[in-house]
Amino acid sequence: MRKKQAKKRPLLPDPRFNDQLVTRFVNMLMWDGKKSVAFKVFYDAMDIVEAKKTDEEKSSLELWKEALSNVMPHVEVRSRRVGGATFQIPMQIRPDRKISTAMKWLILFARKRNEKSMAQKLAGEVLAASKEEGAAVKRRVDTHKMAEANKAFSHFRF
């Protein structure tokens, strides 16, 4: 290998929940380097989740983590050319990539929702995902179905 693997930079935990995962999520949520705005959106969304939740023994942060784990894919398909044909090959996903994929999907489908503010959109998507419904969970289910359908090509793994 010519190039060294890039070093993982340590993330500072967020001020309110003291959690590194929250900071990572906010970094993905952020646009144009406006981190304080992204934090405000996330905390407002957590307040909305706190107000709307039906399950009393869980905090809004626990609901968000549950939503994240419900969106997390375990397998994905990767394209690979074998003898002139392109096959979709199901592969296991690294734990790090699982988390980042889940976060990206949650944010993507929150942005596509029809509520007024981004905080409301994010809160709606988190609540839906924690109940195993919503567009982000549907994306995970579709990804798993695709991997299942292409199981026959798994011997082409690289």
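Quick notes on the rules
- Residues numbered from 1 in each chain as written.
- Predicted model: local features only at pLDDT ≥ 70, side-chain atom pairs only at ≥ 80, totals over all residues.
- Heavy atoms only, no water.
- Helix = DSSP H or I, 4+ residues; strand = E, 2+ residues; numbered from the N terminus.
- Buried < 20%, exposed > 50% of the residue type's maximum accessible area, 1.4 Å probe, protein only.
- Contact = heavy atoms within 4.5 Å.
- Areas by Shrake-Rupley, 256 points an atom, 1.4 Å probe, with all protein chains shown as cover.
- Pairing = 2+ DSSP bridges.
- Core = buried A, V, L, I, M, F, W, Y, C linked by side-chain atoms within 4.5 Å.
- Salt bridge = Lys/Arg side-chain N within 4 Å of Asp/Glu carboxyl O.
- Phe/Tyr/Trp six-rings, centres within 6.5 Å; stacked < 30°, edge-to-face > 60°.

Draft legend 1. Structural detail: the overall build of the protein chain. Within the protein chain, the secondary structure is distributed over six helices and two strands. Projecting the C-alpha coordinates of the protein chain onto the three principal axes gives extents of approximately 55 × 40 × 30 Å. A burial count over the protein chain gives 39% of its 158 residues as buried. Considering only residue pairs separated by 6 or more positions, the protein chain has 61% of its internal contacts joining residues 24 or more positions apart. Total accessible area computed for the protein chain in this model is approximately 10,100 Å², and 53% of it derives from carbon and sulfur atoms.

Draft legend 2. Looking closely at the pairing of strand 1 (residues 75–82). For strand 1 and strand 2 (residues 85–92), the ladder comprises eight bridges, and the chain directions are antiparallel. Within the sheet, the bridge partner assigned to V82 lies in strand 2 and is A85. Joining the antiparallel neighbours strand 1 and strand 2 is a turn of two residues, in which G83 adopts a positive phi near 55 degrees.

Draft legend 3. The arrangement of the nonpolar core in detail. Core analysis: the largest hydrophobic core is formed by 34 residues, its most contacted members being F25, F42, V49, W64, V71 and L122. Mapped onto this core, the elements with two or more residues apiece are helix 1 (20–29), helix 2 (35–52), helix 3 (60–71), helix 4 (95–111), helix 5 (118–130) and helix 6 (135–149). No other element matches helix 2, which puts eight residues into this core. Not counting residues up to four positions away in its chain, the partners in contact with V49 are S60, L63, A123, V126 and L127.

Draft legend 4. Inspection of the pattern of salt bridges at higher detail. A full pass over the atoms with the stated rule returns twelve salt bridges. A salt bridge links R16 to D47; the nearest nitrogen and oxygen atoms lie 2.6 Å apart. One end of the pair, R16, is in the segment before helix 1; the other, D47, is in helix 2, and 31 residues separate them in sequence. Since its relative accessible area comes to 42%, R16 is described here as partly exposed. Taking relative accessible area as the criterion, D47 reaches 38% and is therefore assigned partly exposed. A salt bridge links D142 to K138; its shortest N-O distance comes to 3.2 Å. A residue pair is termed a helical-turn pair when its members lie 3 or 4 positions apart in one helix, as D142 and K138 do in helix 6 at four residues. Since its relative accessible area comes to 34%, D142 is described here as partly exposed.

Draft legend 5. Representation of the packing of aromatic side chains in the model. Considering all chains together, one arrives at seven aromatic pairs under this definition. Taking the centre distance of 5.2 Å and the plane angle of 80 degrees together, the rings of F25 and W64 count as edge-to-face. Of this pair, F25 sits in helix 1 while W64 sits in helix 3, placing them 39 residues apart in sequence. For the pair shown, F25 and W64 are each scored as buried. Ring geometry for F39 versus Y43: centroids 5.6 Å apart, planes at 25 degrees, classification stacked.

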